[in-house]
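# Chain and residue survey
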Amino acid sequence: MAFWETIDAQMRNTGFRPVNNKPNWYWRAENPVLYLVCLLDGKEEDWREENMTFAGFAKSMEKRLEEFFCTRLVALSVLVDKEGEKWAVDTVETGDNAHTYEEKHHRVFWQFSTETCKVEAEKGQPDKILGIEKLLAAAALGKAPEVLVLRDTAEQKKPVATAVIFLLCAVLLLVTTFSPRGYEIILNYGLSAEGIDRGEYYRFLTSMFLHSGWMHLASNTVYLYYFGVRSEKLMGTGKFLLLYLVSGICGGLLSVFLGDGYGVSIGASGAIYGLLGAMLLLTKKRGSRYTGMSYSTMLLLAATAICLGFFEPNVDNLGHIGGFLGGMAGFFLLFPRKKA
């Protein structure tokens, strides 16, 4: 494939959307930033005029940031294969500061060579943005875009597995709350190093469906709904369920082998953190428009929750970390990439 056809396929495959009637212009919203990209053919004589038009378009998009749930805008111009000439910012754009119109609007200029496959950024500007530098290099080498083998969401029915997980957790909570043997059930089926030492490996599985109270279940249900419903639709029920269980087990393994060895741990949070880890990777690869989730928000949520877990009593934070890492590893194993 020719470079321009390949880079178009690469950009679209990673969540960038074309701007109407503007070849080689793209946009992608990653809350809180709206990214605009203009790829300029340095072999065309009118590339400067096109870039000035793009600058005006970027300026106009400042007023529409709220429509994309964003507060800042980054407009990237990439000059491709312009030999013997570098960006002359003061002559490329006039009437405004070429780098920052306002605090919320930042202009970035790159130069890219299809021969060297390298990006050269304007002085003081980043040379890595959303992996675009890698897409340019891949297109220059003629590589077809890699895609994740995911279920077509248009064919996916209701998230059955997510609903079943919630119902199972709710029923078990009713049993442990109102049964005179409730505490005994938790002791016998919750996760404990002592129980694992006795060979009771079923605890890795049973513990992730038990909860200590209605508030515990309610908080996990919110995250299960937010991450579970969407991930099941994208992954398909079978792989979603497998990823959920693997994440929960990984959380249990880290908790048992690196924990202090005391007490009983229960809850679905390890498995849910695994879903968060998997969806974080998918959002980074395809963009928030594909998953319906913001990468920056999920990353902040995961980092905050894990950090706070070290300071909160009665929280099995090792289970959270193990589940998160298990979900990321499981995602790579369950969803291999293939050429488009």
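In case you missed it, the structure is sitting above this.
Residues numbered from 1 in each chain as written. Predicted model: local features only at pLDDT ≥ 70, side-chain atom pairs only at ≥ 80, totals over all residues. Heavy atoms only, no water.

The relative placement of two packed helices comes down to the angle between their axes together with the axis-to-axis distance. It is the contact of helix α10 (residues 237–258) with helix α11 (residues 269–286), at a shortest axis distance of 7 Å, that shows an interaxial angle of 120 degrees. Overall, the two elements α10 and α11 adopt an arrangement that is oblique. Read as a crossing pair, α10 and α11 show a hand that is right-handed. Together, Phe240, Leu243, Tyr244, Ser247 and Gly248 of α10 and Gly270, Ala271, Ile272, Gly274, Leu275 and Ala278 of α11 make up the contact between the two elements. Taken together, the residues that form the contact of α10 with α11 break down as 7 nonpolar, 4 polar and no charged. (Axes fitted to C-alpha atoms, helices over the stretch in contact; angles between N-to-C directions. Helix = DSSP H or I, 4+ residues; strand = E, 2+ residues; numbered from the N terminus. Parallel < 35°, antiparallel > 145°, perpendicular 65-115°, else oblique. Left-handed = near helix turned anticlockwise from the far one by under 90°. Contact = heavy atoms within 4.5 Å. Nonpolar A, V, L, I, M, F, W, Y, C, P; charged D, E, K, R; others polar.)

Inspection of the secondary structure puts glutamate 133 in helix α4 (residues 132–140). It is lysine 134 that comes nearest to the buried, bridge-free glutamate 133 among opposite-charge side chains, at 5.3 Å. Engagement of the side chain of glutamate 133 in a polar contact is seen with the backbone nitrogen of isoleucine 129, the distance being 3.2 Å. Not counting the four nearest positions on each side in its chain, glutamate 133 is found in contact with Trp110, Val119, Asp127 and Lys128. (Buried < 20%, exposed > 50% of the residue type's maximum accessible area, 1.4 Å probe, protein only. Lys, Arg positive; Asp, Glu negative; His and termini not counted. Salt bridge = Lys/Arg side-chain N within 4 Å of Asp/Glu carboxyl O. Polar contact = N/O pair within 3.5 Å; in protein donor to acceptor, adjacent residues only side chain to side chain.)

With 7 of its 9 residues buried, strand β6 (residues 105–113) lies for the most part within the structure. Of the strand pairs in this sheet, strand β4 (residues 72–80) and β6 are connected by 8 bridges, and their pairing is parallel. Bridge assignment links leucine 73 to a residue of β6, and that residue is histidine 105. In this sheet, strand β7 (residues 118–121) lies alongside β6 in antiparallel orientation, the contact comprising 4 bridges. (Pairing = 2+ DSSP bridges.)

Now for the nonpolar core. Core analysis: the biggest nonpolar cluster contains 37 residues, and Met235, Tyr244 and Phe331 have the highest contact counts within it. Tallying contributions element by element places α11 first for this core, with 10 residues. Membership of the second largest hydrophobic core comes to 22 residues, among which are Phe3, Leu76, Val108 and Ala139. (Core = buried A, V, L, I, M, F, W, Y, C linked by side-chain atoms within 4.5 Å.)

Gaps left between atoms show up when a probe the size of a water molecule is rolled over them. There is about 1,200 Å³ of room inside the largest pocket. In this structure, the largest pocket is lined by 45 residues; those nearest its centre are Asn314, Val315, Asp316, Asn317 and His320. Of all elements in the fold, only α9 (214–235), α10, α11, α13 (295–309) and α14 (317–334) reach the threshold of two or more residues within the lining of the largest pocket. With 6 residues, α11 is the largest single contributor of residues to the lining of the largest pocket. Class assignment of the residues belonging to the lining of the largest pocket gives a composition of 19 nonpolar, 23 polar and 3 charged. Here the second largest pocket defines a volume of roughly 730 Å³. Lining the second largest pocket are 29 residues, with Leu130, Gly131, Lys134, Lys284 and Lys285 sitting closest to its centre. Among the elements that take part in the lining of the second largest pocket, α4 stands out by supplying 4 residues, more than any other. Here the residues of the lining of the second largest pocket are counted per class, giving 13 nonpolar, 6 polar and 10 charged. (1 Å grid on protein atoms, 1.4 Å probe; cavity = no way out; pocket = protein on both sides within 12 Å on 5 of 7 lines; lining within 4 Å. Points joined across faces, edges and corners; volume = space filled by probe spheres on them.)

Moving on, we come to a nonpolar patch on the surface. A surface patch of nonpolar side chains, about 390 Å² in accessible area, is lined by Ile249, Leu253, Phe257 and Leu258. Mapped onto the secondary structure, leucine 258 falls in helix α10. Its relative accessible area of 56% is what places leucine 258 among the exposed residues. (Patch = residues over 30% accessible without salt bridge, like charges linked within 9 Å, V, L, I, M, F, W, Y side chains within 5 Å. Areas by Shrake-Rupley, 256 points an atom, 1.4 Å probe, with all protein chains shown as cover.)

Bringing empty space enclosed by the protein into the picture now. Considering all chains together, one arrives at 1 cavity of 30 Å³ or more under this definition. Considering only enclosed or pocket space, the largest cavity measures out at about 40 Å³ in volume. What lines the largest cavity is Phe166, Cys169, His211, Leu217, Asn220, Thr221, Leu224, Ala268 and Ile272. Only α5 (160–178) and α9 provide two or more residues apiece to the lining of the largest cavity. With 4 residues, the single largest contributor to the lining of the largest cavity is α9. Considered class by class, the residues forming the lining of the largest cavity number 6 nonpolar, 3 polar and no charged.

Time to look at the pairing of β4. In terms of residue burial, β4 counts as a mostly covered element, since 8 of its 9 residues are buried. In this structure, strand β3 (residues 33–41) lies alongside β4, joined through 9 bridges in parallel fashion. Across the sheet, valine 37 pairs through a bridge with leucine 76, a residue of β4. Remark: the β3/helix α2 (residues 47–61)/β4 crossover connection has right-handed handedness. (Right-handed = clockwise from strand over helix to strand, strands pointing away.)

These results come straight from atomic positions and should not be treated as a statement about function.
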